[in-house]
Amino acid sequence: MGSSSKIIYAVLFLCFSTCVIAGDPTLEHEWKVTYGTIAPLGVPQQGILINGQFPGPKINCTSNNNIVVNVFNQLDEPLLLTWAGVQQRKNSWQDGTPGAMCPILPGKNYTYRFQVKDQIGTYFYFPTTALHRASGGMGMIQIHSRNLIPIPFDKPADEYAVLLGDWYNKGHKSLKNILDSGRSIGRPDGIQINGQSTKVGDANAKPLFNFEAGKTYRFRVCNVGLRLSVNFRIQGHTMKVVEMEGSHTVQNVYDSLDLHVGQCMSVLVTADQAPKDYYFVVSSRFAQHPLSTVAVIRYANGNGPASPELPPPPPQNTKGIAWSISQFRSFRWNLTASAARPNPQGSYKYGKINITRTIKLVNTRSSSNGKLRFGINGVSHVDTETPLKLAEYYGVADKVFTYNLMKDEPQEGNKVEVAPNVVNGTYRNFVEIIFENHEKTIQTWHLDGYSFFAVAIEPGRWSPEKRKNYNLLDAVSRNTIQVYPNSWAAVMTTLDNAGMWNLRSEMRERAYLGQQFYFSVVSEARSLRDEYSLPETQELCGIVKSLPKPAPYT
């Protein structure tokens, strides 16, 4: 089989222990994760490859497909991969975070089995262990609508997966050692696009994207960096936003788009200019030392190189934040379009649901025993040898962590407790989460297991009176939200997916040093209706390894 994907249309045997659902097509992948030499910024360094590739292989699938990925870890360190944005309905066993799963040990393999249930859209996978994401191991996930579901735009001539973001010339081990010593990894060295960086005017630059005049192309773009928000734009061309992290959007047209760490979107670009080369431009946002790079778009039968005059970036500083907030507010849910199901997105009236719980989160930067730590509401998370989900399932949670160390409101004072951070989330509650950023740097947050409605971003501090400014009609349903310096953001979601779900900073430095926590969402029914049992093939580690297996859900 190698690196190819094989579609199996035979009817599958229904087996909850493997979490693959009968009757839907299955895509099988076999991945070998190795070290290899890469040079995203032109400097050779050790990278993390999947089947010899960086970026790694695309998962190109359709809503409700079953995905099987057999991962062989040929690194010298434990490894986990997460599928950011894939909701893993009833199945946090496959989420790929250290709180949900045991890592794949060096020389071993593990087979992930999950379904992209009732989802479409643009996502990516990456390693959650150590600082591995700094060296690669990531790739695009493209989930298409089923043929019977109409999409609100014509089929494009082609699709391009674009993984871009900041990059460090130091390898992941060096960066991890810096963090472990109590220091920050500092600013990145440059920006890469699909593992490459190109200078303006480089006559030897090969095109990353090819156009034919008159045709329209879909770019699926994700910011997979560690630290910096970016802006991307295409010389001489406009971009129509059509999808954002699984939601069809109102189709507004933009000259340039901000994309924050961990975020993904789809844009349509029509090849309506004179046939020649053009630059796809990416530049940093809100950074003291601006970084940028380009990639070449080449028209078929084109005549001439790309112009050295690049489209200007948006404003920076305070004006730039106002510009970016305004752009965020222009993103709207397409109420009449269908997503993964035939019913229109707008048939879900989230604005009419009563809020049952408000959680206000304030991120902090502090020091513990002389070392840098990041936290939320006074708690800085640390991973445990026994994954949180396994400890909970086996009934030994009290030996591994304490629930609700972190409160729903920030506490007075600067004290930070370094400990596993697990918060009880009541099953099927409709929660409001406020992210308040008192720091001078932008934040991006991601929630596994769910999408949420990004109802507001504003400068200043949040108060209940701010709810009158929420978009309760057509906020985009997504899995990430940015929070600007000295600003707040509000999201809403229903905790209807039982499991152990990570809410984290998308800045890997901050997540590694504690800016994350886990929602424990438990269905008291212990029913297969709500959650899958522990898979028979699941790796065990820590204190549960020698314990008798609990009775499965029924």
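How each quantity is defined
- Residues numbered from 1 in each chain as written.
- Predicted model: local features only at pLDDT ≥ 70, side-chain atom pairs only at ≥ 80, totals over all residues.
- Heavy atoms only, no water.
- 1 Å grid on protein atoms, 1.4 Å probe; cavity = no way out; pocket = protein on both sides within 12 Å on 5 of 7 lines; lining within 4 Å.
- Points joined across faces, edges and corners; volume = space filled by probe spheres on them.
- Helix = DSSP H or I, 4+ residues; strand = E, 2+ residues; numbered from the N terminus.
- Nonpolar A, V, L, I, M, F, W, Y, C, P; charged D, E, K, R; others polar.
- Disulfide = S-S within 2.5 Å.
- Buried < 20%, exposed > 50% of the residue type's maximum accessible area, 1.4 Å probe, protein only.
- Phe/Tyr/Trp six-rings, centres within 6.5 Å; stacked < 30°, edge-to-face > 60°.
- Lys NZ or Arg CZ within 6 Å of the ring centre and 35° of its normal.
- Core = buried A, V, L, I, M, F, W, Y, C linked by side-chain atoms within 4.5 Å.
- Contact = heavy atoms within 4.5 Å.
- Salt bridge = Lys/Arg side-chain N within 4 Å of Asp/Glu carboxyl O.

Focus: empty space enclosed by the protein
Next, step 1: Summed over the entire model, instances satisfying the criterion amount to five cavities of 30 Å³ or more.
Next, step 2: Considering only enclosed or pocket space, the largest cavity measures out at about 70 Å³ in volume.
Next, step 3: In this structure, the largest cavity is lined by Met244, Asp258, His260, Gln263, Met265, Ser324, Gln327, Phe328, Phe331, Arg478, Gln482 and Tyr484.
Next, step 4: The leading source of residues in the lining of the largest cavity is helix 2 (residues 317–330), at three residues.
Next, step 5: Partitioned by chemical class, the residues of the lining of the largest cavity number five nonpolar, five polar and two charged.

Notes on the state of the cysteines
Each disulfide is one covalent bond, formed between the sulfur atoms of two cysteines.
Next, step 1: All told, the structure shown has two disulfides when counted by the stated rule.
Next, step 2: The disulfide that involves cysteine 102 links it to cysteine 541, with 2.1 Å between the sulfurs. One disulfide, between cysteine 102 and cysteine 541, carries an S-S torsion of -95° and so falls in the left-handed class. Of the two residues, cysteine 102 is situated in the loop between strand 6 (81–84) and strand 7 (109–115) and cysteine 541 in the segment after strand 34 (516–522); the sequence distance between them amounts to 439 residues. Taken as a pair, cysteine 102 and cysteine 541 share a single burial class, namely buried.
Next, step 3: Between the sulfur of cysteine 222 and that of cysteine 264 lies a disulfide, 2.1 Å long from S to S.

Section: the layout of surface pockets
Next, step 1: The volume enclosed by the largest pocket comes to roughly 1100 Å³.
Next, step 2: Elements that contribute at least two residues to the lining of the largest pocket include exactly strand 7 and strand 32 (487–494).
Next, step 3: Class assignment for the residues of the lining of the largest pocket results in 14 nonpolar, 18 polar and 10 charged.
Next, step 4: The space that makes up the second largest pocket amounts to roughly 880 Å³.
Next, step 5: Taken together, 30 residues form the lining of the second largest pocket, with Phe286, Ala287, Gln288, Lys440 and Thr441 sitting closest to its centre.
Next, step 6: Listed by contribution, the elements that provide at least two residues to the lining of the second largest pocket are helix 2 and helix 4 (508–512).
Next, step 7: At three residues, helix 2 tops the list of elements feeding residues into the lining of the second largest pocket.
Next, step 8: Broken down by class, the residue content of the lining of the second largest pocket amounts to 12 nonpolar, 10 polar and eight charged.

Considering the packing of aromatic side chains
The description of an aromatic ring pair rests on the distance of the ring centres and on the angle between the ring planes.
Next, step 1: A full pass over the atoms with the stated rule returns 33 aromatic pairs.
Next, step 2: Between phenylalanine 211 and tyrosine 299, the ring centres sit 5.6 Å apart and the planes meet at 75°, which makes this aromatic pair edge-to-face. Residue phenylalanine 211 is located in strand 12 (residues 207–211), and its partner tyrosine 299 is located in strand 21 (residues 292–299); the two are separated by 88 residues in the primary sequence.
Next, step 3: We classify phenylalanine 211 as buried; its relative accessible area is 1%.
Next, step 4: Using a relative accessible area of 2% as the deciding quantity, one classes tyrosine 299 as buried.
Next, step 5: Consider the rings of tyrosine 450 and tryptophan 501, whose centres lie 6.2 Å apart with planes at 75°: the pair is edge-to-face. With tyrosine 450 in the loop between strand 28 (443–447) and strand 29 (452–459) and tryptophan 501 in strand 33 (residues 499–505), the pair connects residues that are 51 residues apart, well separated along the chain. Of the two residues examined, tyrosine 450 and tryptophan 501, each falls in the buried class.
Next, step 6: By way of ring pairs, the aromatic residues Tyr160, Phe209, Phe211, Tyr217, Phe219, Phe232, Tyr278, Phe280 and Tyr299 are connected into one cluster.
Next, step 7: Its end group placed over the ring of phenylalanine 126, arginine 133 keeps NZ or CZ at 4.4 Å from the ring centre.

Some remarks on the nonpolar core
Next, step 1: If you look at the biggest cluster of nonpolar residues, it comprises 34 residues, and the most contacted ones within it are Leu361, Ile433, Phe435, Ile481, Leu503, Phe517 and Phe519.
Next, step 2: Excluding anything up to four places from it in sequence, phenylalanine 435 contacts Leu361, Trp445, Ile481, Val483, Ser487, Trp488, Ala489, Val491 and Leu503.

Points about the pattern of salt bridges
Opposite charge on two side chains permits them to pair, given that their charged atoms come into close proximity.
Next, step 1: Scanning the model with the defined rule gives 26 salt bridges in all.
Next, step 2: A salt bridge links lysine 32 to glutamate 30; the nearest nitrogen and oxygen atoms lie 3.1 Å apart.
Next, step 3: On the accessibility criterion, lysine 32 (35% relative accessible area) is partly exposed.
Next, step 4: On the basis of relative accessibility, which here comes to 21%, the residue glutamate 30 falls in the partly exposed class.
Next, step 5: Salt-bridge contacts for aspartate 530 lead to arginine 428; the nearest nitrogen and oxygen are separated by 3.8 Å. With aspartate 530 in the segment after strand 34 and arginine 428 in the loop between strand 26 (422–426) and strand 27 (430–437), this residue pair connects regions lying 102 residues apart in the sequence.
Next, step 6: The buried category is assigned to aspartate 530, whose relative accessible area is 1%.

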